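Chain residues, written in single-letter form:
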Amino acid sequence: MTTPGADGARSDRAQLDTASLGSLPLLKKERIWNASDFTGVNVALAIATWAFLVGGFTALLVGFQQGIAAMIIGNAIGLCFMVLASVVSSQRYGIEQYTLLRPVFGVVGVGVLVFTVILITEMGWSSLLAIMVGRAVTQVSNSAFSTDFGPESLLVTFFALLAIAVSWWILSRGPVTIGRFNKFIAPGLLIVTLFLMVYLVLNTSVDTLFTAAPLAPFEDDQLNFMLAVEFNAGVGVSWYPVMGSLARLTRSPRAALWPAYGGLLIATLIAQIVGMAAALTLGDSDPTVWMLPFGGPVLGAFILIFIAFANVTSSSSIVYSTVLAIRQASGNLLSRVRWAWLCAGFFVLPALLAFFPGFMYDKFMVFVTLSGAFLSAMCGAIIADYFVLRRQRVSLRDLYVPGRTSAYHFNGGVNWAGMGAVLAGAAFYLWIYNPITLETHPLFSYTTASLPAAVVGGVVYFVLATLLYKRRSIGDFGHRSTPAGASPARIEQA
Amino acid sequence: MDSADANIATELETRLSIIDTIERDDPSRRELSGADLSLFIGVSVVIVLFGILVLAL
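Residues numbered from 1 in each chain as written. Chains lettered and ligands numbered in written order. Predicted model: local features only at pLDDT ≥ 70, side-chain atom pairs only at ≥ 80, totals over all residues. Heavy atoms only, no water.

1. What about the overall build of chain B?
Secondary structure assignment for chain B yields two helices and zero strands. What you see for chain B is a C-alpha radius of gyration of 22 Å, clearly larger than the 10 Å of a compact globule of 57 residues, by over 25%. Along the first, second and third principal axes, the C-alpha atoms of chain B reach 65 × 25 × 10 Å. Looking at chain B as a whole, 35% of its 57 residues are labelled buried. Summed over all atoms, the accessible surface of chain B reaches about 3200 Å², with 69% contributed by carbon and sulfur. Charge separation in chain B, taken as the distance between the mean sites of 4 positive and 10 negative side-chain charges, equals 6 Å. (Helix = DSSP H or I, 4+ residues; strand = E, 2+ residues; numbered from the N terminus. Rg over C-alpha atoms; globule rule 2.2 N^0.38 Å. Buried < 20%, exposed > 50% of the residue type's maximum accessible area, 1.4 Å probe, protein only. Areas by Shrake-Rupley, 256 points an atom, 1.4 Å probe, with all protein chains shown as cover. Lys, Arg positive; Asp, Glu negative; His and termini not counted. Charge placed at Lys NZ, Arg CZ, Asp CG, Glu CD.)

2. Re the interface of chain A and chain B
Listed as interface residues are 51 residues of chain A and, on the opposing side, 38 residues of chain B. Together chain A and chain B conceal approximately 4000 Å² of surface at their shared face, both sides included; 65% is due to carbon and sulfur atoms. By the criterion of area lost to chain B, the three top residues of chain A are A:Leu27, A:Arg92 and A:Trp258, representing 13% of everything that side buries. Taken together, the connections running from chain A to chain B amount to six salt bridges. A salt bridge links A:Lys28 to B:Asp26; the nearest nitrogen and oxygen atoms lie 2.9 Å apart. Top element by residues in the side of chain A that touches chain B is helix H4 (residues 64–93) of chain A. It accounts for 15 residues. Considered class by class, the residues forming the side of chain A that touches chain B number 30 nonpolar, 10 polar and 11 charged. (Contact = heavy atoms within 4.5 Å. Buried area = accessible area lost by both parts, 1.4 Å probe. Salt bridge = Lys/Arg side-chain N within 4 Å of Asp/Glu carboxyl O. Nonpolar A, V, L, I, M, F, W, Y, C, P; charged D, E, K, R; others polar.)

3. Quick notes on the packing of aromatic side chains
Residue and element names in this part refer to chain A. Applying the stated criterion across every chain yields a total of 21 aromatic pairs over all chains. Arranged with centres 5.6 Å apart and planes meeting at 65°, the rings of Tyr-320 and Trp-339 form a pair that is edge-to-face. Taken together, the positions of Tyr-320 in helix H13 (residues 287–329) and Trp-339 in helix H14 (residues 339–346) put the pair 19 residues apart, joining distant regions of the chain. A cation over an aromatic ring shows up here: Arg-135 above the ring of Tyr-361, its NZ or CZ 3.8 Å from the ring centre. Stacked on the ring of Phe-477, the Lys or Arg Arg-390 has its end atom at 4.0 Å from the ring centre. (Phe/Tyr/Trp six-rings, centres within 6.5 Å; stacked < 30°, edge-to-face > 60°. Lys NZ or Arg CZ within 6 Å of the ring centre and 35° of its normal.)

4. Considerations on the packing of H4(A) against helix H10 (residues 221–237) of chain A
Residue and element names in this part refer to chain A. Direction vectors running N to C along H4 and H10 enclose 35°, while the axes themselves pass 7 Å from each other. You can see that H4 and H10 cross each other, and the crossing is right-handed. Within the contact between the two elements, H4 uses Gln-66, Ala-69, Ala-70, Met-71, Ile-73, Gly-74, Asn-75, Gly-78, Leu-79, Phe-81 and Met-82 and H10 uses Phe-225, Ala-228, Val-229, Asn-232, Ala-233, Val-235, Gly-236 and Val-237. Split into classes, the residues belonging to the contact of H4 with H10 amount to 13 nonpolar, six polar and no charged. (Axes fitted to C-alpha atoms, helices over the stretch in contact; angles between N-to-C directions. Left-handed = near helix turned anticlockwise from the far one by under 90°.)

5. Observations regarding a nonpolar patch on the surface
Residues and elements named next belong to chain A. On the surface, a cluster of nonpolar side chains totalling about 750 Å² of accessible area is made up of Val-388, Trp-416, Leu-451, Val-455, Val-459, Phe-462, Val-463, Leu-467 and Leu-468. If one sorts the elements of the nonpolar patch by residue count, helix H21 (residues 450–470) sits on top with seven residues. Here Phe-462 is to be found in helix H21. We classify Phe-462 as partly exposed; its relative accessible area is 37%. (Patch = residues over 30% accessible without salt bridge, like charges linked within 9 Å, V, L, I, M, F, W, Y side chains within 5 Å.)

6. So, empty space enclosed by the protein
Residue and element names in this part refer to chain A. By the definition in use, this model includes four cavities of 30 Å³ or more. There is about 140 Å³ of room inside the largest cavity. Ala-46, Trp-50, Ala-51, Glu-122, Trp-125, Val-235, Ser-238, Trp-239, Val-242, Thr-268, Gln-272 and Ile-318 are the residues that line the largest cavity. Contributions of two or more residues to the lining of the largest cavity are made by helix H3 (49–61), helix H6 (102–145) and helix H12 (253–282). When its residues are assigned to classes, the lining of the largest cavity shows eight nonpolar, three polar and one charged. (1 Å grid on protein atoms, 1.4 Å probe; cavity = no way out; pocket = protein on both sides within 12 Å on 5 of 7 lines; lining within 4 Å. Points joined across faces, edges and corners; volume = space filled by probe spheres on them.)

7. Considerations on the layout of surface pockets
All names here are of chain A. In this structure, the second largest pocket occupies an estimated 1100 Å³ of space. Forming the walls of the second largest pocket are 40 residues, and the residues nearest its centre are Trp-33, Val-41, Gly-179, Asn-182 and Leu-246. At 11 residues, helix H8 (residues 175–203) tops the list of elements feeding residues into the lining of the second largest pocket. Grouping the constituent residues of the lining of the second largest pocket by class yields 26 nonpolar, 10 polar and four charged.

8. Quick look at the pattern of salt bridges
Under the criterion given, the structure shown has 10 salt bridges over all chains. In this structure, the salt-bridge partner of A:Glu30 is B:Arg15, at a minimum N-O distance of 2.8 Å. With one member in each of two chains, A:Glu30 in the loop between helix H1 (4–22) and helix H2 (35–46) and B:Arg15 in helix H1 (residues 3–20) form a pair that bridges those chains. Assessed through its relative accessible area of 23%, A:Glu30 is described here as partly exposed. In this structure, B:Glu23 engages B:Arg29 in a salt bridge whose closest nitrogen and oxygen atoms are separated by 2.9 Å. In this pair, the class of B:Glu23 matches that of B:Arg29, namely buried. Among the ionic contacts, a cluster of salt bridges with common partners joins A:Glu30, B:Glu11 and B:Arg15.

What follows is the structure in structure tokens.
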């Protein structure tokens with residue numbers, strides 16, 4: 001039995017633990033990952049079912065050789081500026097990326113971006129994973145019980161909703177439960193990938209793969225290739241909402257930079273190439289369709305059930321950092337809302353989208369590239385702020401001081417240079433390539449849209465921040481010497 | 001400010017002090033060097049060129 005006082009103390013301690021793991025800067029003793037550990041984490045993240053899905057969708061546009069090239073180029077570009085924007089500063093300061101966004105966008109500006117760009121990106125991915133669960137179970141049902149449920153049937157929606165409910169349950173239990181499930185999910189997915197590779201080697205010749213036609217290309221070959229590159233660049237940059245939260249746990253800049261880039265790039269490429277080969281061999285971009293022909297009714301069904309469960313845990317993993325960000329970005333508004341309720345709130349839109357399984361699959365590429373437009377512009381602004389204007393120096397104390405006392409308060413909590421840069425970069429992206437109408441500017445065939453969007457975001461940020469703030473000594477651009485920042489008195493006032 | 005807020009503020013202050021003193025020159029807090037940054041961007045460019053080579057083969 002415990003006394004109310006003990007309960008209160010325990011509650012305070014638990015809140016403190018959540019806060020410190022959530023947003024307070026980590027200390028050296030808490031940064032537990034070396035380069036090898038972090039590589040393992042990134043490989044486990046990258047070899048997930050979404051990599052199969054991306055591989056399958058790339059096969060819609062291009063053949064095997066062009067697909068490999070598109071995956072290498074697209075992921076290399078997207079991951080390059082994603083890593084520079086999120087991993088480097090989070091490693092140095094031991095803080096997740098959303099708190100570190102405050103100098104670039106202001107406290108209110110970060111809230112706006114979290115509740116729009118980040119939230120929509122993560123909701124889209126989690127609804128897609130849930131629908132994939134529904135489709136996997138439907139395949140098993142059709143095979144085992146000779147049912148005839150289609151890929152857009154109510155059964156898909158039912159199991160997608162069930163997957164969301166289980167994801168919520170895992171997420172509401174916290175990061176320890178997520179980690180526990182991932183311990184066997186990640187190796188299991190590695191085995192599934194190897195299984196697919198062995199099957200492909202045994203049953204498909206290299207010639208067949210290299211001569212296989214793309215599944216549903218447009219008429220223009222160069223456009224198909226660049227769309228595939230852009231799609232993969234969008235996938236690379238879509239790691240942004242997750243990576244800073246992980247990189248803060250690493251012990252040195254090198255232990256963060258190369259494992260993040262190399263681990264994600266190599267593991268993603270392997271899983272995507274296997275997925276693309278499977279899609280070209282079987283003529284379908286949906287990974288849930290591949291497993292029964294590959295594994296037969298028993299093994300195939302087992303793999304599908306495993307993939308369904310893997311999707312649930314993957315969804316919990318990516319949503320965790322987003323829900324944390326929502327809580328921090330909302331200020332006092334959601335800080336008292338129970339974690340489980342907050343997680344439930346996140347899943348409302350994915351649950352609604354589960355009623356339209358065909359829509360999410362059909363619009364997958366549009367969704368990835370559109371979210372990539374905003375994330376790329378954000379990354380450009382972040383890189384210009386952190387590397388060019390601040391020379392990798394941020395005042396830790398000012399990140400946490402609320403209101404006008406913070407150097408990063410700007411005007412009404414918004415750094416308008418950052419917001420303007422995101423809008424300009426995203427607009428430039430949509431001008432070069434509109435993923436909805438598929439209209440492209442000739443420039444798109446040579447530069448992709450993500451890279452110029454990031455460059456425009458960075459240049460606009462540099463110009464606006466210099467004119468609006470740096471010249472007027474607002475925003476602490478001229479920096480102070482100590483890592484933590486200003487005097488302790490300021491935090492006491494707050 | 002309730003007790004939880006006070007605890008978090010105290011914890012934050014403790015952490016900032018440690019970072020500013022004990023961990024100030026620790027290798028884990030070093031900024032990314034210019035050489036590392038150049039190497040990273042260079043490797044990314046080489047990988048993109050490799051992708052173009054795969055396309056051209």
